[in-house]
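# Residue-level structure breakdown
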Amino acid sequence: MNRAHEAGALHADINVRGPAWLREPRDANALVTSLWSGTAHKEDGVLVVGGVDVRALARDVGTPAYVLDEIDFRQRARAFRTAFADYDVFYAGKAFLCTTVARWVHEEGLCLDVCSAGELTVALRAGFDPARIGYHGNNKTTGELRRALEAGVGRIVVDSFDELDRLDALVAEPGLGPARVMVRVTAGVEAHTHEYIATAHEDQKFGFSINNGDAFEAVRRVSGREGYRLLGLHSHIGSQIFDTSGFEVAARRVLALHARVSDELGVDLPELDLGGGFGIAYTTQDDPSDPAQLAVELTKIVEHECRALDVEVPRLSVEPGRAIVGPAMCTLYEVGTVKQVSLDAGAVRTYVSVDGGMSDNIRTALYDADYSATVASRASDAPVALARVVGKHCEAGDIVVKDEFLPGDIRPGDLLAVPGTGAYCRSMASNYNHALRPPVVAVRDGVATVVVRRETEDDLLATDVGAHAAPVMREDGTGAGTGAVDGGEQ
């Protein structure tokens, strides 16, 4: 029985045998290849990615560091482009985006999905064709919408009536229209994933509900209206999904709305976006589909529903993000402390502390996510022991890998690598405890290139105006500005 614990059930569980799916490895030095990028392998126990020995990488750029396998990323992007040849494939930049990755996406023939002004800035800085950019977001400001229209983004995915009010005012201005829009709809589907990354059930913030009629009203409002070009409907049911049954239910409901729009409004919607959320293997319990299988299944679902409704199949699009960048990246840490912690009933758990943690990977704490790990700097013939990999932050929930079999002789100075950290690790990284966010190092053909540098203490202090801070409001109620005082640091 788990005892209540203020830090969560993880800290009340005294079963140190690990979860049922975790099996003791025959060889703790071997990689489970399905969890790693395509070029990752071991040579005499040392992890090599993209032809780069991680020991040399750690010496040159330090730890922690995100290691991005360029060949693997490109191959996964190309696999989606090939499998979904008749679709528009949008790389979901929220998973991970930098100018280098944006260029890779562009070169591999994919479109790009952004959901903030910052992501749009990165895409435009990389020279990405704005006509191939889609703009998401449930609360886009007037300024963000204006910038998207001025840049000429290929589509804006509208999410609320308030957003349509803001767009109405903007497209009335000379030179800003027409706005190419898709209407994001909520299909009322309970995706089999964590509550926080399920996005198509009714009780959440995204989209117009099909069930209560808001979705149809949003389409009616936009259709035929001057200043708009209505492209179609958009549906996204969640993330880290393995079962296409959720897509089938969503497609049925969204296409029924698509047909109703045609019948009642006389509007033929040319496009339909099925979203993304395709899962990857973080541990051996995960069994994701490959892009070719996904393309066959999704196409079959849509064609079947369109035949039943007697409507033409619209131009389809999907939005993989995690499925491309997730397996292409691993995180490299250095072990600093190893503790044998006594628990109830004589049980003992091995805690392995590394030099990163929840500041570079919040997903374990946020989503109860599972990860794997391997000693990356040497081979070991010691018997394995079940361990928990934790970070260095002042937080009991600072866990990187909840359960993993590691060599029993793991010790300070060892390098530890965690696979599958490409999606939502660097993009959700923080400065908790004033930690410096790690660099992203692209590796290919034996060459390592820093594409996002490690933060410095100067970076931390750059926004801390300190003694040079100016008041925002004077005593008389007049504005005093938000910058530094004249002559002070900016």
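The structure this text deals with has already been given above.
Residues numbered from 1 in each chain as written. Predicted model: local features only at pLDDT ≥ 70, side-chain atom pairs only at ≥ 80, totals over all residues. Heavy atoms only, no water.

### A closer look at the nonpolar core
- Grouped together as the largest cluster of nonpolar side chains are 106 residues, with contacts concentrated most on Y91, F96, V101 and I156.
- For this core, the element with the most residues is helix 8 (residues 245-265), which contributes eight residues. (Core = buried A, V, L, I, M, F, W, Y, C linked by side-chain atoms within 4.5 Å. Buried < 20%, exposed > 50% of the residue type's maximum accessible area, 1.4 Å probe, protein only. Helix = DSSP H or I, 4+ residues; strand = E, 2+ residues; numbered from the N terminus.)

### Observations concerning unusual backbone geometry
- A cis amide bond links T63 to the next residue, P64, at an omega of -5 degrees.
- With respect to the helices, strands and loops of the structure, P64 is situated in the loop between helix 1 (54-61) and strand 4 (65-69).
- That bond from G177 to P178 is cis: its omega, -5 degrees, falls within 30 degrees of zero.
- Inspection of the secondary structure assignment puts P178 in the loop between helix 6 (161-171) and strand 9 (179-186).
- Residues other than glycine seldom take positive phi values, yet D44 does so here, at roughly 55 degrees.
- With respect to the secondary-structure elements, D44 resides in the loop between strand 1 (41-43) and strand 2 (46-49).
- In the Ramachandran plot, D368 falls in the positive-phi region, its phi being about 60 degrees despite a non-glycine side chain.

### Digging into helix 5 (residues 142-151)
- Here helix 5 has its buried residues at L145, A148 and L149. Each buried residue of helix 5 sits inside an arc of 95 degrees when the element is viewed along its axis, so together they form one side.
- Check the buried side of helix 5 and you find it contacts helix 4 (117-125), strand 7 (133-135), strand 8 (155-158), helix 6 and strand 9.
- A positive backbone phi angle near 80 degrees is found at G152, which sits one or two residues after helix 5. (Arc of directions from axis to C-beta. Contact = heavy atoms within 4.5 Å.)

### As for the packing of aromatic side chains
- For the structure on display, the rule yields eight aromatic pairs.
- Where F80 meets F84, the ring centres are 5.9 Å apart and the plane angle is 10 degrees; that geometry is what we call stacked.
- Residue F84 is classed as buried on the basis of its relative accessible area of 0%.
- By the ring-pair criterion, three or more aromatic residues cluster together here, those being F80, F84, Y87, F247 and F278.
- Between R155 and the ring centre of F90, over which it is positioned, the NZ or CZ distance is 3.8 Å.
- The ring of F216 carries the charged tip of R260 above its face, separated from the ring centre by 3.7 Å. (Phe/Tyr/Trp six-rings, centres within 6.5 Å; stacked < 30°, edge-to-face > 60°. Lys NZ or Arg CZ within 6 Å of the ring centre and 35° of its normal.)

What is shown is where atoms sit, not what they do.
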